[in-house]
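Topology and contacts: notes
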Amino acid sequence: MAATTSSSPHSLFLQTPNRNHPFKANNFSSFTNLKIKTFSTRRTPMSITCASTAAAPIQTQIQNQEGDRVFNFAAGPATLPEKVLAKAQSELYNWRGSGMSVMEMSHRGKEFKSIIEKAESDLRTLLNIPQEYSVLFLQGGATTQFAAIPLNVCRPEDPVDFLVTGSWGDKAYKEAQKYCNPKVIWSGKTEKYTKIPSFEDLKQNPDAKFLHICANETIHGVEFKNYPTPNNATGLLIADMSSNFCSKPVDVSKFGIIYAGAQKNVGPSGVTIVIVRKDLIGHAQESTPVMLDYKIHDENNSLYNTPPCYCIYMCGLVFDYLLELGGLEEVERMNKKKADLLYNAIDGSNGFYRCPVEKSVRSLMNVPFTLEKSELEAEFVKEAAKEQMVQLKGHRSVGGMRASIYNAMPLAGVEKLVAFMKDFQAKHA
Ligand code: PMP
């Protein structure tokens, strides 16, 4: 394409993201001689300095995009912080003077090395990850970890305990059946996954190789507020934290492995983060595919094969942003405020709205609710979409509605939803 011939220093004239985006393929040639201007407000031309060598703080890159963007309540892929999107946009064409986008970089070059190292280091700071743990950036989604975990930690005959509080825990259990000998020691299925049992009553197998939980069940909105102590041979607790990763502080040292797909709280889909205690690495079953063997990825700093470079870069921007916000204590405070607002609106609706989940284990991230008059649910979703609040339909397996209010959902989004709910109730009560 003839568009990539601009001389150094590169400059790029962009417009803020909106639905009439000028970046059409046949517009590319118009980029070449464009001048650099300052970041400006929406729907007016702006430009971005591409040749700076240092990263500008994320806070200074804020774009007020109100009106351009919807409030996206999707369960994942999910909304990302606007400041992060603006930052990514400003670095898209020429990452910090490298003359190329992160998408075009060699994963073995010094630029990408600095990106992945900073992402790991910021994540370690955020979660206070002890040195005895490795951080791996992998592919295949959390679903792949359902197989990778037993393959790395168990022999085929090893017993393993699963505490099943929703569909994702159940899927993890079913996949583990192929690689070890798992048992469900408690399931919330008969109560439609609305509870977490008291830990004292759990009948754990003393010979189990690990106890597995899903820390936040994305579909059912059930979240562990504290964690069971594994009374098994190895004292190993393993958690799928896909949908509440980095939403609050976690004591990593309580876990053998924490894993999470990025696409809810920390980035785009395509990268899965595994935090694994180092002594659990290097014992994979012989048949373990190379791509599932933690040892291979650990020895190669997640660069054994081509990693999802751009996704890792985006996660890095999110980690940086969360640190700028004040770290996970502050993130949790904001998440609690949003969740309280929404649950209070549901509970205060005189039964017009209902959340089936037991109060003590309600998720801060995924809020499922139904309407007393279920025939109005489709209209609720449709009317909300007209007000720029999208993806509120509940998961197909449970129906009703679900509002996912991850870290990046602004308080304004929840306030708007609550106002809409009150209005909708007044119209249909
Ligand atoms: N675990 C949980 C808790 C999830 O929410 C999801 C995805 N929604 C998965 C696992 C599966 O993740 P992936 O699609 O990345 O494989």
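Above: the structure in question.
Residues numbered from 1 in each chain as written. Predicted model: local features only at pLDDT ≥ 70, side-chain atom pairs only at ≥ 80, totals over all residues. Heavy atoms only, no water.

Topic: the packing of aromatic side chains
- One pass over the structure, following the stated rule, counts 15 aromatic pairs.
- Note on Phe-162 and Tyr-173: the rings are 5.8 Å apart at their centroids and 65° apart in plane angle, and the pair reads as edge-to-face. Of this pair, Phe-162 sits in strand β5 (residues 159-164) while Tyr-173 sits in helix α4 (residues 167-176), and the two are eleven residues apart along the sequence.
- Assessed through its relative accessible area of 2%, Phe-162 is described here as buried.
- The exposure class assigned to Tyr-173 is buried, which follows from its relative accessible area of 16%.
- Where Phe-162 meets Phe-210, the ring centres are 6.3 Å apart and the plane angle is 65°; that geometry is what we call edge-to-face. One end of the pair, Phe-162, is in strand β5; the other, Phe-210, is in the loop between β6 (181-187) and β7 (211-214), and 48 residues separate them in sequence. The pair Phe-162 / Phe-210 is uniform in exposure class, with both members buried.
- Connected via pairs of aromatic rings, a cluster forms that spans Phe-352, Tyr-353, Phe-369, Phe-380, Phe-420 and Phe-424. (Phe/Tyr/Trp six-rings, centres within 6.5 Å; stacked < 30°, edge-to-face > 60°. Helix = DSSP H or I, 4+ residues; strand = E, 2+ residues; numbered from the N terminus. Buried < 20%, exposed > 50% of the residue type's maximum accessible area, 1.4 Å probe, protein only.)

Quick notes on the pairing of strand β11 (residues 257-261)
- The buried fraction of β11 is high, at five of five residues.
- Here β11 shows two buried faces, one formed by Ile-257, Tyr-259 and Gly-261 and the other by Ile-258 and Ala-260.
- Across three bridges, the pairing between strand β10 (residues 237-240) and β11 is parallel. Residue pairing in the sheet places Asp-240 in a bridge with Tyr-259 of β11.
- Sheet topology places β11 next to strand β12 (residues 272-277); five bridges connect them, and they run antiparallel. Residue pairing in the sheet places Gly-261 in a bridge with Thr-272 of β12. (Pairing = 2+ DSSP bridges.)

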